[in-house]
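# Reading the structure
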Amino acid sequence: MNEIKIRTATLDDLPILLEFEQGVIEAERPFDPTLGNDPIHYYDLKAMIFSEDAEVVVATYNDSIVASGYAKIKQALPYLNHQYYAYLGFMYTVPAFRGKGINAKIIAALKEWSTSKGLKEIRLTVYDDNANAIKAYEKVGFKKHIIEMRMP
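The sections below set out a description of the structure shown in this document. Note that residues are indexed from 1 along each chain, following the sequence as it is written. Two thresholds apply to this predicted model, a pLDDT of at least 70 for residue-level local features and 80 or more for giving and counting side-chain atom pairs, whereas whole-chain, interface and lining totals are computed over all residues. With hydrogens and water stripped out, all remaining heavy atoms of the structure feed into the side-chain values.

## Some points on the side chain of S68
Which entries qualify depends on this criterion: Working definition: helices are DSSP H or I runs of at least four residues, strands are E runs of at least two. Numbering for both runs from the N terminus. The buried label applies to any residue whose accessible area, calculated with a 1.4 Å probe on protein chains only, is under 20% of its type's maximum; exposed applies above 50%, and partly exposed to all values in between. As used in this structure description, the phrase polar contact means that two N or O atoms lie within 3.5 Å; if the pair is within protein, one of them must be able to donate a hydrogen and the other to accept it, and residues adjacent in sequence are counted only when both atoms belong to side chains.
For S68, the location among the structural elements is in strand 3 (residues 64-75). Assessed through its relative accessible area of 0%, S68 is described here as buried. Here F90 takes part through its backbone oxygen, which lies 3.1 Å from a polar atom of the side chain of S68.

Structural data, given as C-alpha coordinates:
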(Lines give C-alpha, C1' and ligand atoms only; values in the text may rest on other atoms or scores of the structure.)
Protein backbone atom coordinates (compact mmCIF):
# COMPACT_ATOMS: atom_id res chain seq x y z
CA MET A 1 0.00 0.00 0.00
CA ASN A 2 2.53 2.58 -1.13
CA GLU A 3 -0.33 4.98 -1.83
CA ILE A 4 -0.97 5.32 1.91
CA LYS A 5 0.27 8.61 3.34
CA ILE A 6 0.49 9.49 7.03
CA ARG A 7 -0.02 13.09 8.06
CA THR A 8 -0.91 15.18 11.09
CA ALA A 9 -4.66 15.62 11.51
CA THR A 10 -6.20 19.06 11.07
CA LEU A 11 -9.39 20.63 12.32
CA ASP A 12 -10.90 20.00 8.87
CA ASP A 13 -10.57 16.26 9.58
CA LEU A 14 -12.66 16.46 12.75
CA PRO A 15 -16.00 15.26 11.27
CA ILE A 16 -14.38 12.06 9.97
CA LEU A 17 -12.38 11.60 13.17
CA LEU A 18 -15.56 11.81 15.22
CA GLU A 19 -17.04 9.05 13.04
CA PHE A 20 -13.90 6.97 13.61
CA GLU A 21 -14.24 7.52 17.36
CA GLN A 22 -17.69 5.96 17.22
CA GLY A 23 -16.19 3.08 15.23
CA VAL A 24 -13.65 2.50 18.01
CA ILE A 25 -16.41 2.56 20.62
CA GLU A 26 -18.57 0.18 18.60
CA ALA A 27 -15.66 -2.23 18.21
CA GLU A 28 -14.79 -2.11 21.91
CA ARG A 29 -18.33 -2.26 23.31
CA PRO A 30 -18.49 -6.11 23.19
CA PHE A 31 -15.32 -6.25 25.33
CA ASP A 32 -16.45 -3.77 28.00
CA PRO A 33 -19.78 -4.11 29.81
CA THR A 34 -18.99 -0.95 31.82
CA LEU A 35 -19.32 1.46 28.89
CA GLY A 36 -22.20 3.90 29.22
CA ASN A 37 -25.11 4.14 26.78
CA ASP A 38 -24.53 5.85 23.46
CA PRO A 39 -23.68 8.49 22.62
CA ILE A 40 -20.35 8.51 24.47
CA HIS A 41 -16.98 10.02 23.58
CA TYR A 42 -13.55 8.76 24.54
CA TYR A 43 -11.45 11.67 23.36
CA ASP A 44 -11.34 15.43 23.09
CA LEU A 45 -9.99 15.26 19.55
CA LYS A 46 -10.21 18.99 18.91
CA ALA A 47 -8.09 19.73 21.97
CA MET A 48 -5.57 17.06 20.98
CA ILE A 49 -5.25 18.46 17.46
CA PHE A 50 -4.22 21.82 18.97
CA SER A 51 -2.11 20.41 21.83
CA GLU A 52 1.69 20.51 21.87
CA ASP A 53 1.55 17.40 24.09
CA ALA A 54 -0.37 15.25 21.62
CA GLU A 55 -0.14 14.21 17.99
CA VAL A 56 -3.19 13.02 16.08
CA VAL A 57 -2.37 11.42 12.75
CA VAL A 58 -4.40 10.09 9.88
CA ALA A 59 -3.62 7.71 7.06
CA THR A 60 -4.92 8.75 3.66
CA TYR A 61 -5.50 6.82 0.47
CA ASN A 62 -6.24 8.94 -2.62
CA ASP A 63 -6.91 11.90 -0.26
CA SER A 64 -9.53 9.94 1.73
CA ILE A 65 -8.88 9.34 5.41
CA VAL A 66 -8.77 5.60 6.08
CA ALA A 67 -7.16 5.32 9.53
CA SER A 68 -6.23 7.28 12.63
CA GLY A 69 -4.25 7.22 15.85
CA TYR A 70 -2.80 9.50 18.48
CA ALA A 71 0.11 9.79 20.86
CA LYS A 72 -0.27 11.80 24.02
CA ILE A 73 2.38 12.70 26.58
CA LYS A 74 1.42 11.41 30.02
CA GLN A 75 3.13 11.69 33.36
CA ALA A 76 4.36 8.37 34.70
CA LEU A 77 3.73 7.13 38.21
CA PRO A 78 6.38 8.46 40.60
CA TYR A 79 7.97 5.06 41.27
CA LEU A 80 8.73 4.25 37.60
CA ASN A 81 12.12 4.77 35.96
CA HIS A 82 10.75 7.36 33.53
CA GLN A 83 8.97 10.63 34.25
CA TYR A 84 6.86 10.82 31.08
CA TYR A 85 5.75 8.41 28.39
CA ALA A 86 3.76 8.42 25.15
CA TYR A 87 0.33 6.87 25.38
CA LEU A 88 -1.11 5.68 22.07
CA GLY A 89 -4.81 5.46 21.36
CA PHE A 90 -7.57 6.04 18.82
CA MET A 91 -6.29 3.29 16.54
CA TYR A 92 -8.99 2.91 13.93
CA THR A 93 -8.84 1.66 10.35
CA VAL A 94 -11.75 1.66 7.92
CA PRO A 95 -12.83 -2.01 7.54
CA ALA A 96 -11.96 -2.22 3.81
CA PHE A 97 -8.35 -1.21 4.61
CA ARG A 98 -7.68 -3.52 7.57
CA GLY A 99 -4.92 -6.10 7.36
CA LYS A 100 -2.82 -4.00 4.98
CA GLY A 101 -0.20 -2.73 7.45
CA ILE A 102 -1.70 0.74 7.85
CA ASN A 103 -1.82 0.50 11.65
CA ALA A 104 1.92 -0.25 11.62
CA LYS A 105 2.52 2.94 9.61
CA ILE A 106 0.41 4.95 12.07
CA ILE A 107 2.37 3.52 15.01
CA ALA A 108 5.69 4.22 13.28
CA ALA A 109 4.70 7.87 12.79
CA LEU A 110 3.57 8.16 16.41
CA LYS A 111 6.77 6.51 17.62
CA GLU A 112 8.80 9.02 15.59
CA TRP A 113 6.83 11.91 17.14
CA SER A 114 7.29 10.43 20.63
CA THR A 115 11.03 10.08 20.11
CA SER A 116 11.23 13.67 18.87
CA LYS A 117 9.69 14.70 22.21
CA GLY A 118 12.41 12.83 24.10
CA LEU A 119 10.13 10.00 25.20
CA LYS A 120 11.62 6.52 25.51
CA GLU A 121 8.56 4.67 26.82
CA ILE A 122 5.46 4.06 24.68
CA ARG A 123 2.34 2.40 26.05
CA LEU A 124 -1.20 1.59 25.03
CA THR A 125 -4.09 -0.38 26.44
CA VAL A 126 -6.04 -3.12 24.74
CA TYR A 127 -8.83 -5.38 25.95
CA ASP A 128 -7.52 -8.80 26.94
CA ASP A 129 -10.20 -10.52 24.82
CA ASN A 130 -9.36 -8.48 21.71
CA ALA A 131 -7.03 -11.07 20.17
CA ASN A 132 -6.85 -9.35 16.76
CA ALA A 133 -5.69 -6.05 18.26
CA ILE A 134 -3.18 -7.78 20.54
CA LYS A 135 -1.73 -9.66 17.57
CA ALA A 136 -1.43 -6.43 15.54
CA TYR A 137 0.33 -4.60 18.39
CA GLU A 138 2.70 -7.49 19.07
CA LYS A 139 3.55 -7.55 15.37
CA VAL A 140 4.93 -3.99 15.61
CA GLY A 141 6.89 -4.64 18.80
CA PHE A 142 4.56 -4.18 21.77
CA LYS A 143 4.73 -6.73 24.57
CA LYS A 144 2.14 -7.58 27.18
CA HIS A 145 3.05 -5.85 30.39
CA ILE A 146 0.23 -5.91 32.93
CA ILE A 147 -3.36 -7.03 33.01
CA GLU A 148 -5.87 -4.80 34.74
CA MET A 149 -8.61 -6.79 36.39
CA ARG A 150 -12.04 -5.79 37.61
CA MET A 151 -14.79 -7.22 39.77
CA PRO A 152 -18.37 -6.26 38.93
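There's more to say after this.
## Looking at unusual backbone geometry
With omega at 0°, the peptide bond leading from D38 into P39 counts as cis. Along the chain, the position of P39 falls in the loop between helix 1 (14-28) and helix 2 (45-50). We note that N62 has phi near 50°; this positive angle belongs to a residue other than glycine. Examined against the element boundaries, N62 turns out to sit in the loop between strand 2 (54-61) and strand 3. The exposure class assigned to N62 is exposed, which follows from its relative accessible area of 58%. Positive phi, close to 70°, is recorded for D63, a residue that is not glycine. Residue classification places D63 among the exposed residues on the basis of a relative accessible area of 78%.

## Regarding the side chain of D13
Here is the rule we go by: Throughout, a contact is declared for two residues whenever any of their heavy atoms are within 4.5 Å.
Its place among the elements puts D13 in the loop between strand 1 (5-8) and helix 1. Among the residues examined, D13 registers a relative accessible area of 7% and is labelled buried. Beyond its immediate chain neighbours, meaning those up to four positions away, D13 contacts R7, T8, V58 and I65.

## Re the nonpolar core
Our working definition: Nonpolar cores were defined as sets of buried Ala, Val, Leu, Ile, Met, Phe, Trp, Tyr and Cys residues, with membership established by side-chain atoms within 4.5 Å.
Judged by nonpolar contacts, the single largest core of 19 residues is most densely connected at L17, Y43, L45, M48, V56, Y70 and F90. Elements supplying a minimum of two residues to this core: helix 1, helix 2, strand 2, strand 3 and strand 4 (84-93). Excluding anything up to four places from it in sequence, F90 contacts L17, F20, E21, V24, Y43, L45, S68, G69 and Y70. Membership of the second largest hydrophobic core comes to 18 residues, among which are A67, A71, L88 and F142.

## Comments concerning helix 1
Formally: Expected span of a helix: the number of residues minus one, times 1.5 Å.
Compared with the 21 Å implied by 1.5 Å per residue over 15 residues, the 21 Å span of helix 1 between its first and last C-alpha is a close match. When helix 1 is considered as a whole, its buried residues turn out to be L14, L17, F20, E21, G23, V24 and I25.

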